[in-house]
Amino acid sequence: MDLNNVMGFPILSLSIFLPTLGALVIWLFVRGDNAVRWAALGVSIATFLVTLPLALQFDTGTAHMQFEELHPWISVFNINYQLGVDGISMPFILLTSLLTVVCIVSAWTCIQTRVKEYMIAFLVLETTLIGVFCALDAILFYFFWEAMLIPMYLIIGIWGGKNRVYATIKFFLYTLAGSVLMLIAILAMYFEAGHTFSLLAFMDYPFDFTWQFWIFIAFFIAFAVKVPMWPVHTWLPDAHTEAPTAGSVILAGILLKMGAYGFLRFSLPMLPDASQYFVPFIVALSLVAIIYISLVAMMQTDMKRLIAYSSIAHMGFVTLGTFMFTQVAVEGAVIGMISHGFVAAALFLCVGVMYDRLHTREIGDYGGVVNVMPVFAAVMMFFCMANVALPGASAFIGEIMVLIGTFEANPVYLGMSTKWVAIAAATSVILSACYTLWMYKRVIMGDLIKDSVKTMQDMNMREFGYFVPLIMLTLWIGFYPLPVLDYLHVSVSHLVDQATTSKLAAAALAQAAPVLDAVHH
Amino acid sequence: MQEMTLNTTELLAIPGLPLLAALLAGLFGWALKDKLSHLITSGAVIISALLSIHVFMQVLDGASFYGDYWTWIISGDFVVPVGMMIDPLTALMMLVVTIVSACVHIYTIGYMHGDPGYSRFFSYISAFTFSMLVLVMGNSFFTLFFGWEAVGLFSYLLIGFWYKRESANYAALKAFIVNRIGDFGFLIGVLAIWFYFGSVDYKTVFDMVPGFVEKGITLDFMNWQISAITFICLALFVGAMGKSGQVPLHVWLPDSMEGPTPISALIHAATMVTAGVFMVARLSPMFEYSEVALAAVVLVGATTAWLCATIGLVQNDIKRVIAYSTCSQLGYMFVACGVSAYSVGIFHLMTHAFFKALLFLAAGSVIHAVMANQDIRKMGQLRKYMPITYITMFIAALALSGVPPFAGFWSKDLIIEATVVREMGWVGDFASFAVLTAVFMTAFYTFRMFFLTFHNSDRVPAEVKSHVHESPKVITIPLMILAVGALAAGAWGVMVLDIANPEVVNGYFGNSLFVLDAHNPLKMIAEEGEHGMFHFLLSMPFWLAIGGISLAYAMYYRETALPAKMVAISPAVHKFLLNKWYWDELYEKIFIQPAQRLGNFFWKSGDLAMIDKGVIHGGIVDSIMSGAARMRAMQTGMVFHYAFAMVIGVFGFLTYLMLNG
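Along each chain, residue indices are assigned from 1 in the same order as the chain's sequence is written. Ligands are numbered from 1 and chains lettered from A, in the order in which they are written. Per-residue local features of the predicted model are confined to residues with pLDDT of at least 70, and side-chain atom pairs are confined, for both listing and counting, to 80 or more; whole-chain, interface and lining totals are unaffected and use all residues.

A. Spatial organisation of the overall build of chain A. Secondary structure is summarised from DSSP: a helix means a run of H or I of at least four residues, a strand means a run of E of at least two, and numbering begins at the N terminus for each. A count of helical and extended segments in chain A gives 24 helices and 2 strands. Our radius of gyration is a C-alpha quantity, and the globule rule it is checked against amounts to 2.2 Å times the number of residues to the power 0.38. Taking 521 residues into account, the globule formula puts the C-alpha radius of gyration at 24 Å, and chain A, at 23 Å, falls close to it. With the C-alpha coordinates aligned to their principal axes, the bounding extent of chain A is approximately 90 × 60 × 40 Å. Burial analysis of chain A (521 residues in total) assigns 63% to the buried set. Contact definition: two residues whose C-beta atoms, as placed from backbone geometry, lie within 7 Å. Of the contacts formed within chain A by residues at least 6 apart in sequence, a portion of 81% connects residues at least 24 apart. With C-beta atoms placed from the backbone, a residue is labelled by how many other C-beta atoms lie within 10 Å of its own: buried for 20 or more, exposed for 12 or fewer, partly exposed between the two.

B. The arrangement of the nonpolar core in detail. Within the largest apolar cluster, 458 residues are counted, with the highest numbers of intra-cluster contacts made by Val280(B), Val335(B), Ala357(B), Leu358(B), Ala396(B), Val435(B) and Ala486(B). Once residues lying within four places of it in the same chain are set aside, the contact partners of Ala486(B) are Phe354(B), Phe355(B), Leu358(B), Ile395(B), Ala396(B), Ala399(B), Phe406(B) and Ala407(B). Note on terminology: a nonpolar core is any set of buried Ala, Val, Leu, Ile, Met, Phe, Trp, Tyr and Cys residues joined through C-beta atoms within 7 Å.

C. Structural view of the environment of Met84(B). Residue and element names in this part refer to chain B. Topologically, Met84 is positioned in strand 2 (residues 78–86). Through-space distance from the C-alpha of Met84 to that of Gly67 is 5.6 Å; in sequence the pair is 17 residues apart. Apart from the residues lying within four places of it in its own chain, the contact partners of Met84 are Leu11, Phe65, Gly67, Met137, Gly138 and Asn139.

D. Here's a closer look at the pairing of strand 1 (residues 65–75) of chain B. Residues and elements named next belong to chain B. Where strand 1 meets strand 2, 9 bridges bridge the pair, whose relative direction is antiparallel. When the bridges of strand 2 are listed, Ile74 appears paired with Val79. Where strand 1 hands over to strand 2, the hairpin turn is made up of 2 residues, of which Gly76 adopts a positive phi near 60°. A pair of strands is considered paired only if DSSP assigns at least 2 bridges between the two.

E. The arrangement of the interface of chain A and chain B in detail. Listed by partner, the interface residues are 59 residues for chain A and 56 residues for chain B. The leading source of residues in the side of chain A that touches chain B is helix 20 (residues 428–443) of chain A, at 7 residues. Counted by class, the side of chain A that touches chain B contains 44 nonpolar, 9 polar and 6 charged residues. Asp, Glu, Lys and Arg are counted as charged, while Ala, Val, Leu, Ile, Met, Phe, Trp, Tyr, Cys and Pro are counted as nonpolar; the rest, among them Gly, fall into the polar class.

Structure follows, in structure tokens:
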């Protein structure tokens, strides 16, 4: 095992467990709501600082896993505590540690009950999220993947809205059903690939087509629920509407990325032939997400539900780009995910700001907000335009790259030219403008008529403060995405190679090997 | 000639200063106060205008510039460089944009005086100027698209500037969405360009086009084949139709008049809406190779020129009359480009920018005087109160109608000549008919508006009358500057820019526009000039314009009872035109309502009934929800603590294993 630990220091372990250690300290030693808030903020900022060297020390010249750590865990089953990141997973770790800070700040005043538990939940959630992106052992991955459900489940179930019980059960059941299949798939791979849980070994092992086919389906269900893809998407609008603001932020910002990350980490490199085989299916579902879901989004009367549907539509671009197996499309998909992490998170925060004032998410209860909250209106305009993927915003980079990559892709199994797929996907240019700006018009613009709206106060410095980094990041990636693309290039290129190199010949050879051996003897 | 290179710093300052000023006024407007905001932004744009004039002089002497500054995206072989290309076409556009913008900035100081959003307005129009300059100065399809979307954004923000007005908000939304339909086409064009040419900068793509066309590459869809170059041009042209308000995407432009008048002049007359024409001219090395695309450009342009002119005949809102005239004149420009007279199209773009901006600003001066009334039925006899506005608007009206020697005459006349001589089958015949009859209608509606506003009977409501006065100098001086343009730009173009000279291909524009030898319209005009029949046609536009003005004179100056009688004869036609051919109603029926119904159907029947009720409720969740009482325990602290103890316990176990494993 060659370890590529450039730090000589278990930085990934520290990133993963620092939040939980902090949570433990808060649980045991910190008293008083305000002290808890400051302590949680301190822990989250410390975690963010700890994850920064990942970006600064990252070697963009190699597709190897970096900052690796490897310790035997449960040796009987050859389960290892193996961590490592490449250019695809590293940016998500930073996104997670940054958004956690934003979440904690955003919950400063609106969470008044069980503050300590709330903060602990978020810190534990951060551990599991970072863990998923670092894990290179399938069981470790599965452990974090499952563990992440618990704090999320509690966040919605305890601090959520009126229908939170329904939403949590739905959320839990959907994701759990997917996870069970994933576990089965992992176990199947374990036995087939020679008693190992190493993701890197799975990537190298020549699964034959039947194996790939069934494992792909199992993974697909697990990941599709998380993305979410139509028709297993209906848990998301409910979860989003019922979740507290920060819950929505982390849900849209990070949790939604798990599914697509799963495709990139498992399906594409481990099951290249099945991935190719299922392209028409994925393309169809992605287009449904972009068109069908956009139309549904347009008709929503609840702002959070609208943004939730908009998220599903944007994730349609991500799944489309992922399964085009071209450098541009896959990089575009990753940029799209990162960008969505800023933009959708910020839009949920915007709704949260209004919700804190009027305690309603209904579009019809607002109107003319700009009159009383001009600064807020400008901030929300910015993120609405980013959601519409105007050039200069990060979302544009992701979408245009996916479209460019799709237009030129040439998947073997797709019965039609991908040009028409790209053209169909490009209708998002129109549809996203329809639902986003129509909502903006009804909520923000107009004369001040409703008495309740008249009482609204513009944002305070704390609220403005958590939008600032998101605005800056959205513009940064919109105008200067090269540093992030630099992280991706080699890793994505390696991934595209894996995904476009058939394992079938090797698999046939491996199956023939014992026979050949017998012949030789 | 090509060795002379322009100064990079100067070129960067031209869009850079307005951007900087916009940021200052936008972010710190609250601290700067009104006066500093308008000084900074107007100052920046005026300096930009002076620099543009300087650049233009150098370009006249043969200077040019091409260079990349920045790389936007690199991914595999997909590389998007960002840079500038300054050639005669760009230089003229920069001149038009910055001069009109400078006039509008000064005018705004007076027009928006006392508005609560004063600094914001200046910030927007400066930022718009920056965006428009990026659009024209860029050297790739991506800079074009960036500028394209940015001007769209500021157009949206400015139409909805008075956000308390429901109609303004609606118009802003409509403008953005209709433009996005165009952008959809534009985007597909860009995708196809990248796919077929492997590059997105003008120079590389243009150099490859002839070879590419020779290969005869086609695109297949079902059993239908389309040549790739035609596909690209048509897709991009959809973008141009959206931005330039061409039928059937014209519906947003008249509604955009909800915005304050200065932006109607700047954005919805002189600059942004001409971006589509600029695009077709810029991409002449591509359009020239697709007869189908050229025919489409002519067809759309001619249809718009004619159709919008008919609507303009009966409108009663002073700004809407001018707005329909803008659509119509943009149609002329497209016809010019479609018949390969790109230089003439851009020439008309320039003259139009001056006289149309003037027309709008003068209309704004009138609106200002009669206390925000825009209905010409409530005006009349205003010449007595506002002499400068009256005279400048008269000049603009003559220029628009195409009366010599005013600016519009020169350019419009050339367009008509080029259209008539170019053989394009039925499309050409239709276009000739359309551009000729539209001349008559243009002259008529322009002077209808003019007479109803300044002559005719005095119909100004009594309570407004005491307020009517000539506008202050900050408003009238920009009018006078633009009036010089409306007077002289045409003759200047013909004399200095060599537009009408058949000996010089593309005149002043030289290599910045591309015309196949077989298409060169000015050559054809010169050759056809010998035939007698042609001469008769040539004099036709002039007589049609005079006819239109005379009819307006008769109906709205002499026999003012006549219009009502004519309406009585054909009320249906009048109503049809007054309701703008019912385009809005049609779109409501065939796009908006079905889209909403479909969205509702997918939501209610798809997501809720089929997926949630059918699958989830029918099976899984309900059975568990029946035991929901148990779930309530979750809200008590016990379960909560238990769950956390579990999670933390697992982590502790994990750590133990890790250390001792």
